[in-house]
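What the coordinates show
Residues per chain, in single letters:
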Amino acid sequence: MGSLPAPQQYYGNPSYFHASNQHDAIRNAIFLNLGYLPIYFLAVCIYKNPNIVRRYKSTIIFAGVVQYVLTLPYTIFNTWLAIYVDHEVQTTVFMCTFVRMGTSVLNFMSFNALTAISISRLLLIVFKLNCGLAWEVFFFTVASVPILADIIYMFFVSRPTENAICGPLLFYYELAPLMVWNGYIFGIPLIAVLLNSVTAGYLLYKRYSADAYLKNTRRTVNELFIATALLIQSVIPALTMSSKGYRSMQEIYGMRADPWLKEVIETSGYMTTGLNMIASMICIKHFRQMFKQLIFRDKSITRVGDVTTVTIM
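Residues numbered from 1 in each chain as written. Predicted model: local features only at pLDDT ≥ 70, side-chain atom pairs only at ≥ 80, totals over all residues. Heavy atoms only, no water.

1. Concerning the nonpolar core
Grouped together as the largest cluster of nonpolar side chains are 46 residues, with contacts concentrated most on Tyr 56, Ile 60, Trp 181 and Phe 287. Ile 60 has contacts with Leu 42, Leu 230, Gln 233, Met 277, Ser 280, Ile 284 and Phe 287, leaving out every residue within four places of it along the chain. Membership of the second largest hydrophobic core comes to 11 residues, among which are Ala 29, Leu 81, Ile 165 and Leu 169. (Core = buried A, V, L, I, M, F, W, Y, C linked by side-chain atoms within 4.5 Å. Buried < 20%, exposed > 50% of the residue type's maximum accessible area, 1.4 Å probe, protein only. Contact = heavy atoms within 4.5 Å.)

Listed below in structure tokens is the structure:
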């Protein structure tokens, strides 16, 4: 391995965005863009009721903003592939690698917001430590460091490899960083599921066992509903991203997945952002009310921060 040329000498070599990928790119771009509809709905809710920011800034809003910002380059890239790459488009190995792998890494990183929120909520609900938004940003940054280091490493220790979207591009030839890459995709989303499950379980225990807690059932927003929403929100990317990691590991060890299974895994990954935001909003009564107000012009909706209360009785 040590005799392989340094990858820097390949940076300027020609590479191509492949027209054969356009059909898949059209499908991916449609799902990615549709996935932003719940986030746009969240923006409308904030516009109509700014009190939502105060109430949900460290949960639903933080998750929505981070996922929108970090998946947007990936969405733009796939939309460009769908619209313009109907023939072989020449670029360089460096640009192919930077765009293809860079946007994918940002896409994976976006779900670290759910891990950061799960840590913050666990500390708040179980240990009574109010971390706040700044600490969530810190947790998000820490969770993102491994994959950032891994992708930077790839630009210095790698070799050209063909790829269905564009190629040749630089990719690992060593097993260790490849295992880190796939282990990260496979494992990080599961942390959010585990921590959110602990928080939701703790709230359920308090709900049904503590008389003092039962006396305080009328709350501006019920913590149990938020915990359930965050749990569902974290389960969806855990399923889609972890299945991608599992499929990649199958390829590493020479195992072949059924074509239909591969298609399901690939397609579900592009729907993740939209599905997890929809799932979380369905669980929270106020967003269901806002949806009714927007669609059916139902005026009997009270505002968050005014007199709205949600009961779990």
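Picking up after the structure, the text goes on.
2. Notes on the state of the cysteines
One pass over the full model with this rule turns up one disulfide. Disulfide pairing places Cys 96 opposite Cys 166 at an S-S distance of 2.0 Å. On the S-S bond that ties Cys 96 to Cys 166, the torsion sits near 95°, and the link is right-handed. One end of the pair, Cys 96, is in helix H5 (residues 93–110); the other, Cys 166, is in strand S4 (residues 166–167), and 70 residues separate them in sequence. Residue classification places Cys 96 among the buried positions, given a relative accessible area of 0%. (Disulfide = S-S within 2.5 Å. Helix = DSSP H or I, 4+ residues; strand = E, 2+ residues; numbered from the N terminus.)

3. Digging into the side chain of Asp 150
Looking at where Asp 150 falls in the secondary structure, it is placed in helix H7 (residues 132–154). Those residues in contact with Asp 150, other than ones at most four positions away along the chain, are Tyr 172, Pro 177, Val 180 and Trp 181.

4. Overview of the sheet that holds strand S2 (residues 89–92)
The three strands lie next to each other as S2-S1-S4, forming an open sheet whose pairing is antiparallel. Across the chains shown, the open sheet's two edge strands, defined by having one partner strand only, are S2 and S4. Sheet topology places strand S1 (residues 14–17) next to S4; two bridges connect them, and they run antiparallel. Considered in S4, the bridge of Phe 17 is made with Cys 166. Its contacts with the sheet place H5 against S1, S2 and S4, and it is angled at close to 95° to S2. (Pairing = 2+ DSSP bridges. Axes fitted to C-alpha atoms, helices over the stretch in contact; angles between N-to-C directions.)

5. As for helix H2 (residues 37–48)
Given a rise of 1.5 Å per residue, 12 residues ought to cover 16 Å, and the 17 Å separating the end C-alpha atoms of H2 matches this to within 8%. Restricting attention to buried positions, one finds in H2 the residues Pro 38, Ile 39, Phe 41, Leu 42 and Cys 45. Down the axis of H2, the buried side of the element spans an arc of 155°, and every buried residue falls inside it. Looking at the buried side of H2, the elements it contacts are helix H1 (22–34), helix H3 (51–56), helix H4 (60–84), helix H12 (272–283) and helix H13 (285–296). (Expected span 1.5 Å × (residues − 1). Arc of directions from axis to C-beta.)

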